[in-house]
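The chain contents come next:
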Amino acid sequence: MLVAETGNMRWFRQLSLWTSIGAWIVLVLGGLARTTGLALGCRTWPLCDGRLTLSVAAGGWLDLWHRLGAGLLVLAVLLLLRIALTNRGHLHRLAPRLLMITAGIVAVQALIGSLLGAAPVSLLTWTHASLATLSLGLLTANTLLAWSRTRNRGAILARIVQTQEEYGGFSAWLTLATVAAFILVLTGAAVTHSLAASACPAFPNCGLSSAPASLQIIQMLHRSSVLATLLVFLWLSWRYTGILGRESRSARRWNRAMLTLFAGQIGLGAANALLPLPAWINAAHLGLAAAVWAGFVVLFTLYQEGLGAEIIPGSDARTAGSRRNNLGSVIFAYFWLAKPYITVLLLVITLAAILVATAGRPPWGLTLWALLGGALSASSANTINAYLEREKDKIMPRTQRRPLASARIAPINGLIYGLTLGILSVVVFVVYVNILSAVISTFALLYYVVIYTLWLKPRTPYNIVIGGAAGAFPPMIGWTAVTGQIDLLAVILFAVVFCWTPPHTWALTLLAQRDYTMVNTPMWPVVHGEANTRQQIVAYTWPMLIVTLLPAVTRLLGPVYLIAALALGGIFIYLALRLRQTGTKASALSLYKYSTLYLALLFAAMVVDRVV
């Protein structure tokens, strides 16, 4: 239900808008106070040195304004919540929930702020900034839902996207962009609050730096998140917003605004790394990142609100025409053929292995070449796999829209594309990395294509157990790229991924059992049934958990990793046991999603343990 056109509701909309703007200002002021060091000017909270007066000592002004803004923000959120709870019938159904969550976050944020006082930079400082970012996003969504035109614009967006989509994925890519933008702000806040802005004197790589490794990693993680967010945005902008721009004035304006924000943020980031600029530039950089995050929240809210909604008659928006077989569609088809959603996780664990091997001080130029070579190798393996299984993909509903199965790309062109990527991968590793990494990468590619795809997968239900080794090589490739040798920890990292693969993949096969049955592929649920597969998931999870503890048992990693491995593993085994007990598709999907996150977090814990 939309906001009614009454005086009170118009006032509610205006208050929501100004509260969102105020949340952004408070976030920027907090970053500026920490960047300049003036946050230490006030030693008590909520007032500055116990008083609210115009005679605040030098250094306390900025912090005082930040605290006053935060206080007003708390009052505004509580007032919005009260209006939402007493006018449920006139508001969007999500408004009370969003504002209740926001009020809770703001309360925790204020509590953390009271604990900071004159304390130095710490995890609490970063958490404080993270909650501020999250509350900004929630307030932005609430503001957008308060306008009656939101659902209509969202419906227009959803209709155009759905009529233009060829392989699906807009919702997934938009979600990825929104999450990436959130990480962008978090890493930016970490840079601001840890004073890591000057840790890397070069751009885009870190260059020679005497700063602590932890600060260099924070800076490079932020730059990587900027690059990832920008690439996802450019794809969305080109593939969809370019189409929407011809149909929707609002989409065109959003596109231009986001391009401007990105250009400003990257420009300030580069200037801050290369030039001796004042501290407020870093805060402006954080402010632009927060604006980018809010921009993605706007598009995400519009799209989600528009799904299933009817366009109001009389709208001047036109629905999109039939699918276009233009250059953009062809390029996107080749991009999707390489299955980038699989490659991303492989690159994450490769980078983590590099950081662990170098104790957080990797040669960034070599690291980028190793990641590029790994991306090319994984993309080659995925593409050749798609070529070999294209006939089966035409039968399975889950895969019918893939580029080769849907005839968007000719089979011979797909094969040439895959082989070209593989050759380029070998060239990159040999010329820019080292021979050992090139050999391991090439072996992993051949193992996946020949041993797994051609031999194991169509013949035995143990295909995943044995073939899982193909996906376990990336950490070893990353390790050898920077060390030139295979050490014990590199072997353990290989074993971790090898043992993780069966329960992760079997959770997926439970969801796609019908598809595999249609093409007579002997995946475990097809041969042994769902109940036995659930038993096997639990059985294979236990040795996986034991292997993940080996880095701590061998004292190659320390207590930080041990605690993380136990906590993450505990959640994994709980979800596996729940799947065995309930046997539902929802439980299988939960385990599959968590297992992906589990591996990324486990390797992230290794990096933190080695650096701290």
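Throughout what follows, the structure given in this document is the object of discussion. Here the structure is a predicted model, which is why all the values come from computation and not from measurement.

## Digging into helix α23 (residues 559–582)
Given a rise of 1.5 Å per residue, 24 residues ought to cover 34 Å, and the 34 Å separating the end C-alpha atoms of α23 matches this to within 8%. What α23 keeps buried is the set Tyr561, Ala564, Ala565, Leu568, Gly569, Phe572, Ile573, Leu575, Ala576 and Leu579. Count one or two residues on from α23 and you reach Gly583, which has phi positive near 70°.

## Considerations on the environment of Gly365
By the element assignment, Gly365 lies in helix α12 (residues 364–388). Looking at Gly365, the relative accessible area reads 37%, which means it is partly exposed. Linking Gly365 and Cys206, residues 159 residues apart in sequence, is a C-alpha distance of 8.7 Å.

## A word on the pattern of salt bridges
Summed over all chains, the structure comprises 6 salt bridges. The salt bridge partner of Lys394 is Glu391, with a shortest N-O separation of 3.4 Å. Within this pair, Lys394 and its partner Glu391 are both found in helix α13 (residues 390–395), separated by 3 residues, close to a single helical turn. A relative accessible area of 40% places Lys394 in the partly exposed class. On the basis of relative accessibility, which here comes to 47%, the residue Glu391 falls in the partly exposed class. Across the pair Glu530 and Arg534 runs a salt bridge whose closest N-O atoms are separated by 3.8 Å. A residue pair is termed a helical-turn pair when its members lie 3 or 4 positions apart in one helix, as Glu530 and Arg534 do in helix α21 (residues 530–548) at 4 residues. Among the charged side chains, a salt-bridge network with shared partners connects Glu530, Arg534 and Lys585.

## Considerations on the packing of helix α11 (residues 340–357) against helix α24 (residues 585–611)
At their nearest, the axes of α11 and α24 sit 9 Å apart, and the two run at 15° to each other. If you check the angle between α11 and α24, you find them roughly parallel. Where α11 crosses over α24, the handedness of that crossing is left-handed. In this structure, α11 uses Leu345, Val348, Ile349, Ala352, Leu355 and Val356 to contact α24, whose residues at the interface are Thr596, Leu599, Ala600, Phe603, Met606, Val607 and Arg610.

## A short note on unusual backbone geometry
Of note, the phi angle at Ala407 is positive, near 65°, even though the residue is not glycine. With respect to the helices, strands and loops of the structure, Ala407 is situated in the loop between α13 and α14 (411–433). On the basis of relative accessibility, which here comes to 63%, the residue Ala407 falls in the exposed class. For Asn520, which is not glycine, the phi torsion reads 55° and is therefore positive. If you trace the backbone, Asn520 turns up in the loop between α19 (513–518) and α20 (524–528). Since its relative accessible area comes to 65%, Asn520 is described here as exposed.

## A closer look at the side chain of Lys339
Relative to the assigned elements, Lys339 resides in the loop between α10 (327–337) and α11. For the buried Lys339, which has no salt bridge, the nearest side chain bearing the opposite charge is Glu389, at an N-O separation of 5.5 Å. At 3.1 Å, the side chain of Lys339 and the side chain of Asn385 are in polar contact. In this structure, Lys339 is in contact with Asn382, Asn385, Ala386 and Arg402, ignoring residues within four places of it in sequence.

## Here we look at a nonpolar patch on the surface
A surface patch of nonpolar side chains, about 860 Å² in accessible area, is lined by Trp369, Leu372, Ile423, Val426, Val427, Val430, Val431, Tyr432, Ile435 and Val439. Elements represented by at least two residues in the nonpolar patch include exactly α12, α14 and α15 (435–456). By residue number, the principal contributor to the nonpolar patch is α14, which donates 6 residues. Mapped onto the elements, Val427 comes out in helix α14. The class of Val427 is partly exposed, set by a relative accessible area of 41%.

## What about the nonpolar core?
Nonpolar side chains in soluble globular proteins tend to be buried together. By size, the foremost hydrophobic cluster in this structure holds 75 residues, and its most contacted members are Tyr598 and Phe603. Ignoring any residue separated from it by four or fewer positions in sequence, one finds Phe603 in contact with Ile349, Ala352, Pro475, Leu493, Val496 and Val497. Counting 59 residues, the second-largest nonpolar core is a separate cluster that includes Ala181, Val232, Val292 and Trp336.

Thresholds applied
Residues numbered from 1 in each chain as written. Predicted model: local features only at pLDDT ≥ 70, side-chain atom pairs only at ≥ 80, totals over all residues. Heavy atoms only, no water. Helix = DSSP H or I, 4+ residues; strand = E, 2+ residues; numbered from the N terminus. Expected span 1.5 Å × (residues − 1). Buried < 20%, exposed > 50% of the residue type's maximum accessible area, 1.4 Å probe, protein only. Salt bridge = Lys/Arg side-chain N within 4 Å of Asp/Glu carboxyl O. Axes fitted to C-alpha atoms, helices over the stretch in contact; angles between N-to-C directions. Parallel < 35°, antiparallel > 145°, perpendicular 65-115°, else oblique. Left-handed = near helix turned anticlockwise from the far one by under 90°. Contact = heavy atoms within 4.5 Å. Lys, Arg positive; Asp, Glu negative; His and termini not counted. Polar contact = N/O pair within 3.5 Å; in protein donor to acceptor, adjacent residues only side chain to side chain. Patch = residues over 30% accessible without salt bridge, like charges linked within 9 Å, V, L, I, M, F, W, Y side chains within 5 Å. Areas by Shrake-Rupley, 256 points an atom, 1.4 Å probe, with all protein chains shown as cover. Core = buried A, V, L, I, M, F, W, Y, C linked by side-chain atoms within 4.5 Å.

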